[in-house]
Amino acid sequence: MGVRKKQMAERIKAEKKKVAFAKLNNCPTSPRKMRIVADLVRGVQVEKALAILRFNQKEASRRLEKLLLSALANWQAKNEDLNVEDADLFVKEIRVDSGSMLKRLRPAPQGRAHRIRKRSNHVTLVLGSNNNIES
């Protein structure tokens, strides 16, 4: 491998160590309800985001809290020698995308039927680090 290629690979590897992510697929909540809670924690420090999610009363906040803890565990697995408090982690990106829909029919008056769409979503959470961590 050439010198420049090796340096580029080292730089990319170091950048990936600063970022950890977690995904939640096919969550049976509508994306609209999940986005309300996701907007509360976007760009916030991890400790503050956990506090926001823990004391929020919406059902979606429980699922996002577990997802945030999972992303935090993924970051710790990548950076075993570093401390979470010193890393200055924050929610870099959180995306809520529409998932598959279960389509059901509900009986309506005069022999008609109304369609019911039971929505689900996919959530992607990315944690970033503010500090320049040298291993």
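The notes below deal with the structure included here. (Residues numbered from 1 in each chain as written. Predicted model: local features only at pLDDT ≥ 70, side-chain atom pairs only at ≥ 80, totals over all residues. Heavy atoms only, no water.)

Taken as a whole and judged by the stated rule, the model has five salt bridges. Residues R54 and E65 are paired through a salt bridge, measuring 2.7 Å at the closest nitrogen-oxygen approach. Separated by 11 residues along the polypeptide, R54 in helix α3 (residues 46-55) and E65 in helix α4 (residues 59-78) bring together distant segments of the chain. Looking at E65, the relative accessible area reads 12%, which means it is buried. Residue R95 is joined to D97 by a salt bridge in which the shortest nitrogen-to-oxygen separation is 4.0 Å. Ionic contacts of the salt-bridge type, sharing partners, join the residues E93, R95 and D97 into one network. (Salt bridge = Lys/Arg side-chain N within 4 Å of Asp/Glu carboxyl O. Helix = DSSP H or I, 4+ residues; strand = E, 2+ residues; numbered from the N terminus. Buried < 20%, exposed > 50% of the residue type's maximum accessible area, 1.4 Å probe, protein only.)

Another point: the packing of helix α2 (residues 31-41) against α3. As a packed pair, α2 and α3 sit with axes 9 Å apart at the nearest point and diverge in direction by 145°. Remark: the crossing between α2 and α3 carries right-handed chirality. When α2 is examined against α3, the residues V37, L40 and V41 are found in contact with a partner set consisting of A49, I52 and L53. Taken together, the residues that form the contact of α2 with α3 break down as six nonpolar, no polar and no charged. (Axes fitted to C-alpha atoms, helices over the stretch in contact; angles between N-to-C directions. Left-handed = near helix turned anticlockwise from the far one by under 90°. Contact = heavy atoms within 4.5 Å. Nonpolar A, V, L, I, M, F, W, Y, C, P; charged D, E, K, R; others polar.)

Just geometry here; none of it tells us what the structure is for.
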